[in-house]
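What follows is each chain in one-letter form.
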Amino acid sequence: MCMLSDPSVKYKPYTPLKLIDRQWPSKTLDKVPIWLSTDLRDGNQALATPMTVEQKRFFFDCLLKCGFKEIEISYPAASDTDFGFTRGLIEQEKIPDDVWIQVLTPAREDLIRRTLEAVAGAKHVIIHMYNATCRMFREVVFKNSKEETVALAVKHTKLIAQLTDEYSQKYGTNFKYEYSPETFTQTEPEFALEICEAVKTAWGKAGCGEDRIIFNLPATVEIAPPNHYADQIENFCRHISEREKIIVSLHPHNDRGTAIAAAELACMAGADRVEGCIFGNGERTGNVDLVNLALNLYTQGIHPKLDFSDIQACIDIVNQCNDLPIHPRHPYAGELVFTAFSGSHQDAIKKGFEAQARRHDEARAKGEPLIWDMPYLPIDPLDIGCDYEAVIRVNSQSGKGGIAYLIKTHLGLDMPRRMQVVFYKVIQDISDREAREMTVDDITTAFRTSYHLGGPKYDGRLALRSFKISDESVADPIDQTPYEDDEAPDERRHFDGTISVDGVLRVIHGDGNGPLSALLDALKTHLDIDFSIHEYVEHTIGDGQNAKAASYVEIVDAKREPGQRQEGWWGAGLDTDIAGSGLRAVVSAVNNAISNRKLPELKLTVGFNVRSGQADVASVILNTLQLGLPRRLQLHFFEIVQRASPDGVIGYDALTALFKKTYGFTMRDLPLLLQKFTMEHLGEGEVRAINALMFINGQETLATGEGNGPLSAVLAALAPYHDGTLTVREYSEHSIGVGAGVKAASYVELVHTTSVDGLSKRATCWGADIDEDISMSGVKALLNAVALHVPLRIKNPNRSAA
């Protein structure tokens, strides 16, 4: 069976109430109703697995924390569990003095007496009796006439009046009486008034203030629009006698999905009280949601006298005790209610936060209230214990504004608008490719990865390791024309820095009219990377000692034609120094521009009019081999490099190879190699004796010698195998690495003195090497110097090793 083409043959519309001159449409909600939570009774009976006593006590405590002063706790006559729960609260004194508990009973004498037994000894109790009054229940369910229905209500109201008097006298309990003409909205309006008038007379104790009788008028089943319920309530309030002695209470259900609207309109129509459940639990589609109603008032500037400052705690209670989830779109409480995925919504929220911050600053300065006025957010999530974490979430429908808001919120980076467009495409591509929502972590990680921000983990092919910016006056020294009083000579900036290129450290230099252009000049000179700045934006993050500078740079191809439109590449930088953040932003942008492009080999210019000095050469060796060359060795090697570079240019790899070849560093194919040796002290002094097995010009030789230390002992052992004398002029050492992998690097400069035609001739030579043992690294460096620069011979073949 499917939906009928003409539903009128099966369903009848509701009958509108002919209410002349209705007043409620022109009213506004300006007062807070009395709230009654029926979570423990009406809500509990709707659960597939009713709450245990422990769960009900847990829920009861939660309701108290929220500020409820009237709580329907049970239907005591229905089960021993409800009866025992009621007695437990009373006997264990769990009910605060200012809280009224309410208990439900049908119009049956035995059940009424059992209900009064359950509340014996309590301080404040509302006895809630009901019987169904609509035509269907009278004729079909109970087969009672109107008169019999009224008589049933009157008889049992009188019994309750009698019993409450007795219990008040015996236990000192204060009682209120609530009567519900169940199925009120389906009951003839005049009959609902008739039976309530009869009940009020039978009760006989209705007065003003705390003595008012409660008439609870339930929409047991919601069968009409909310305006109809408001009409029914206004009609009841107009025609019931002694209105000042009556509390008109609402109990809307949500069968048509309009319980909230029905309750609000009915309050405008004159109701004083609302019964419901937090988050709308209840039979079928549930009771009216008291959290929703209360926070609706709150957003109109009216405190509801309920406290949902920690709404998540209430959600947790409902999840744990009712075993019911809260829908992600549930007003105020759902996981997604403060979330915008739409790009236009996100942009509006971002702009709204920015505008509100400025507005609040102005209001704060004037001592005025900080009014909340935000697109798409009727309440400040902070007021109910939420945060702004999920206000903007990103999927394939999201826009640049929302993404920019998240980056600003979580990284403190306020991207320029054109950069927002570029990064938005990055996120869209990821979202489309993976077909899922992008989390905050996804977005911030994508930003760090795209712009190489956040430490070595996110480094691109180029990474700035260190830099120095210095001023350089460029006034022509020949032009001595004096400057005007308000004019100063132009200044240029010189960039010296170390940059990692594909994992290898390089030293680069450049000049420009500012730090950024000087860096771009250095990249052009050393890496043939030629870009110019198209846009530069900066701002600070934080203040005081913790302040940082954030910079954003867009670069374009420097070779583009004037006026030619060209897409640029963006970069971002963060540093405590404004110049540093700008330089890092340039490197970030260059990384995006070069992508996987092959870069030329880095080279040094060491010829005439050189741009690279000995410090640059030494830096290359430091970066590639981790060797900190002594000053004299730097000068020596720079001269070697110049002689080895007739065209004045040498590549970094060639430079490193030349160093190894010149100083025998880690080379094992030299004419002098040490196989093994022993070193011992002689007597009690510092004299050392060495016994060494060496290869000299390919022949294994045993050499011995003595000296004041390892190096002088080795020189003594080598003395028979060369002409002249060798002495140590300079020795230097340092460690490489840390911990178990540390090694020693040693540098030795020797003076070789020989006699030629009776004249003394001196020559110097250097050697360098490393070893795990510091003494061995010095010996190896000395042997390298000898092997490469001192002619050796086998002087006494008889002493060769067998």
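Below you will find a few notes about this structure. (Residues numbered from 1 in each chain as written. Predicted model: local features only at pLDDT ≥ 70, side-chain atom pairs only at ≥ 80, totals over all residues. Heavy atoms only, no water.)

## Concerning the overall build of the chain
Secondary structure assignment for the chain yields 22 helices and 22 strands. Relative to a compact globule of 802 residues, whose C-alpha radius of gyration would be 28 Å, the chain shows 46 Å and is clearly more extended. Projecting the C-alpha coordinates of the chain onto the three principal axes gives extents of approximately 150 × 75 × 60 Å. Here the chain, with 802 residues, has 48% of them falling under the buried criterion. Counting only contacts in the chain whose residues sit at least 6 apart along the sequence, the fraction spanning at least 24 positions is 65%. (Helix = DSSP H or I, 4+ residues; strand = E, 2+ residues; numbered from the N terminus. Rg over C-alpha atoms; globule rule 2.2 N^0.38 Å. Buried < 20%, exposed > 50% of the residue type's maximum accessible area, 1.4 Å probe, protein only. Contact = heavy atoms within 4.5 Å.)

## What about unusual backbone geometry?
Generally, phi is negative for residues other than glycine and the peptide bonds are trans, each holding for most cases. In this model, Arg284 sits at a positive phi of 55 degrees, which is unusual for a non-glycine residue. Assignment of secondary structure puts Arg284 in the loop between β8 (273-276) and α10 (290-298).

## Regarding the nonpolar core
Formed by 127 residues in total, the largest nonpolar core has its most connected members in Phe215, Ile233, Phe279, Phe423 and Phe447. Sort the elements by how many residues they give to this core and helix α7 (residues 189-203) lands first, with 9 residues. Phe279 has contacts with Asp289, Val291, Ile311, Cys314, Ile315, Val318, Ile326, His330 and Ala333, leaving out every residue within four places of it along the chain. Ile690, Ala713, Val714 and Leu792 belong to the second largest nonpolar core, which has 29 residues in total. (Core = buried A, V, L, I, M, F, W, Y, C linked by side-chain atoms within 4.5 Å.)

## Considerations on helix α19 (residues 631-644)
One full turn of an α-helix is made of 3.6 residues, so residues set three or four places apart face in the same direction. The terminal C-alpha atoms of α19 lie 20 Å apart, and with 14 residues this matches the ideal 20 Å at 1.5 Å per residue to within 8%. Turning to α19, the residues buried within the fold contact α18 (614-625), β16 (649-651), α20 (652-663), β21 (743-756) and β22 (759-771). (Expected span 1.5 Å × (residues − 1).)

## Regarding the sheet that holds β21
Strand order in the open sheet made by the 3 strands is β20-β21-β22, with antiparallel pairing throughout. Edge positions in the sheet fall to β20 (725-736) and β22, since each has one partner strand and no second. Taken over all neighbouring pairs, the strand axes of this sheet differ in orientation by 15 degrees on average, direction set aside. The pairing of β20 with β21 spans 11 bridges and is antiparallel. Bridge assignment links Thr727 to a residue of β21, and that residue is Val751. α19 rests against β20, β21 and β22 of the sheet, and its axis sits at about 105 degrees to β22. (Pairing = 2+ DSSP bridges. Axes fitted to C-alpha atoms, helices over the stretch in contact; angles between N-to-C directions.)

## Points about the packing of α7 against helix α8 (residues 226-239)
For the pair α7 and α8, the least separation of the axes is 10 Å and the interaxial angle reads 45 degrees. Looking at the two axes, α7 sits oblique to α8. Every pair of crossing elements has a handedness; the one defined by α7 and α8 is right-handed. Contacts between α7 and α8 involve Pro189, Ala192, Leu193, Cys196 and Glu197 on the former and, on the latter, Asn235, Phe236 and His239. A breakdown of the residues in the contact of α7 with α8 according to their chemical character gives 5 nonpolar, 2 polar and 1 charged. (Parallel < 35°, antiparallel > 145°, perpendicular 65-115°, else oblique. Left-handed = near helix turned anticlockwise from the far one by under 90°. Nonpolar A, V, L, I, M, F, W, Y, C, P; charged D, E, K, R; others polar.)

## Thoughts on the side chain of Thr656
Position of Thr656 among the secondary structure elements: in helix α20. Classification of Thr656 as buried rests on a relative accessible area of 12%. Ignoring sequence-local partners within four residues, the contact set of Thr656 consists of Val620, Ile621, Thr624 and Leu625.

## Some thoughts on the packing of helix α21 (residues 710-718) against helix α22 (residues 774-789)
Put simply, α21 and α22 touch, their axes get as near as 9 Å, and they point 35 degrees apart. Considering the relative orientation of α21 and α22, their crossing is right-handed. Here Pro710, Leu711, Val714, Leu715 and Leu718 of α21 lie close against α22, whose contacting residues are Ser775, Gly778, Val779, Leu782, Leu783 and Val786.

## As for the pattern of salt bridges
All told, the structure shown has 45 salt bridges when counted by the stated rule. Its salt-bridge partner being Asp442, residue Arg436 comes within 2.6 Å of it at the nearest N-O pair. Owing to a relative accessible area of 19%, Asp442 belongs among the buried residues under this scheme. With a closest N to O distance of 2.9 Å, Asp575 and Arg584 form a salt bridge. Arg584 sits in the partly exposed class, given a relative accessible area of 28%. By sharing partners, the salt bridges in this structure join Glu70, Glu178, Arg273 and Glu275 into a single network. (Salt bridge = Lys/Arg side-chain N within 4 Å of Asp/Glu carboxyl O.)

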